[in-house]
Amino acid sequence: HPAIEHDPVIFVQVALVQGMAGEIGPLLDPAAPVGDPARADTAIFYSITNTQKGLRGISFGNFLLKQVIADLQQTLPNLRCFATLSPIPDFVPWLRRAAEEHESDTLREAASTALTELSQVGWPDRPPESEALKLKLLQLCAHYLARERSRDRPLDRVARFHLGNGARLERLNWRGDLSPKALTQSAGILVNYLYDPAALERNHEMLVNTGRIAMRRQVNRLARAFE
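Every value quoted in this text rests on a predicted model; they were computed, and no experiment measured them.

Participant: Explain the nonpolar core here, please?
Facilitator: When a protein is soluble and globular, its nonpolar side chains tend to lie buried together. The biggest cluster of nonpolar side chains holds 55 residues, and the ones touching the most others in it are Phe91, Leu137 and Leu145. Per-element tally for this core: the top contributor is helix α5 (residues 127-147), with 9 residues. Not counting the four nearest positions on each side in its chain, Phe91 is found in contact with Leu137, Leu140, Cys141, Tyr144, Gln185, Ser186 and Ile189. Counting 11 residues, the second-largest nonpolar core is a separate cluster that includes Val17, Ala83, Leu190 and Leu194.

Participant: What is the right way to look at the pattern of salt bridges in this model?
Facilitator: Where charged atoms of side chains with opposite charge meet at close range, the side chains can pair. Counted by the stated rule, this structure contains 6 salt bridges. Across the salt bridge formed by Lys136 and Glu117, the nearest N and O atoms sit 3.0 Å from each other. Here the residue Lys136 occupies a position in helix α5, and Glu117 occupies one in helix α4 (residues 105-118), the gap between them amounting to 19 residues. Here Glu170 makes a salt bridge to Arg168, at a shortest N to O gap of 2.7 Å. Because the salt bridges share partners, they merge into one network encompassing Arg168, Glu170 and Arg216.

Participant: Is there a simple way to explain helix α8 (residues 200-210) in this structure?
Facilitator: Counting along an α-helix, one turn takes 3.6 residues, and residues three or four places apart therefore face a common direction. Taken as a whole, α8 has its buried residues at Leu200, Asn203, Met206 and Leu207. Projected onto a plane normal to the axis of α8, the buried residues spread over an arc of 135° and lie on a single side. Of the exposed residues in α8, the ones pointing more than 90 degrees away from its buried face are Glu201, Arg202, Val208 and Asn209. In the stretch just after α8, Gly211 is the one whose phi turns positive, near 80°.

Participant: Got a minute to help me understand unusual backbone geometry in this structure?
Facilitator: Positive phi values are uncommon outside glycine, yet Asp152 reaches one of about 65°. Residue placement: Asp152 occurs in the loop between β4 (149-150) and β5 (153-154). Of note in this structure, Ala187 is not a glycine but carries a positive phi near 55°. Structurally, Ala187 can be placed in the loop between α7 (180-186) and β7 (190-194).

Participant: What should I look at first to understand the pairing of strand β2 (residues 42-50) in this one?
Facilitator: The side chains of a regular strand alternate, first on one face of the sheet and then on the other. Bridge analysis of strand β1 (residues 10-17) against β2 gives 8 bridges, and the strand direction is antiparallel. Following the sheet pairing, Val12 is matched in β2 by Ile48. Looking at chain direction, β2 and strand β3 (residues 81-84) are connected through 4 bridges and run parallel. Bridge pairing links Ile44 to Ala83 in β3.

What counts, and at which threshold
Residues numbered from 1 in each chain as written. Predicted model: local features only at pLDDT ≥ 70, side-chain atom pairs only at ≥ 80, totals over all residues. Heavy atoms only, no water. Core = buried A, V, L, I, M, F, W, Y, C linked by side-chain atoms within 4.5 Å. Buried < 20%, exposed > 50% of the residue type's maximum accessible area, 1.4 Å probe, protein only. Helix = DSSP H or I, 4+ residues; strand = E, 2+ residues; numbered from the N terminus. Contact = heavy atoms within 4.5 Å. Salt bridge = Lys/Arg side-chain N within 4 Å of Asp/Glu carboxyl O. Arc of directions from axis to C-beta. Pairing = 2+ DSSP bridges.

Structure representation (structure tokens):
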């Protein structure tokens, strides 16, 4: 911004990869081999950071991502896919509320059972227990992202941002981030939001006018488990 010419307002970190990334670890690994940008077909936006505390709450990210996509398309025409690898910071807190007070008996019971299993120390390091939880938690998470609302908008704040920008709810990634913070917030699940430049306006208008969320069929199938 001209008022703070040498200080960024917001920035995004981008990984240029082949195929849609589902784990954060390889993107952050300093020992990972450096790839050739000309061979990448996908740009993964994995962190958006506001730098000015006084501008907190003002959404610059929607302008930033669309500008970055346009710049990348011009600079690297080999890129065909633009997507995020995003956290779900309020999923487990929502599970706790759902286990106590959700209107659906089935969902309330599923959330309570999932929380009991998540409370087992070291469950991510025991494959049988991890796999037993997988479908249940992915169904609960898909429901949370796709169905839970606040004032006709997605309840999840990260989903609200990206879906409001016209992105599509593309894929849930089991064991996408096994850091202590991510396990506490989202049971290690990460989500991809797909930014298709040709569909952004249509998806945005659909959400605003009808409340419908653009999502991939596989995610919708998971979300329907509690209907």
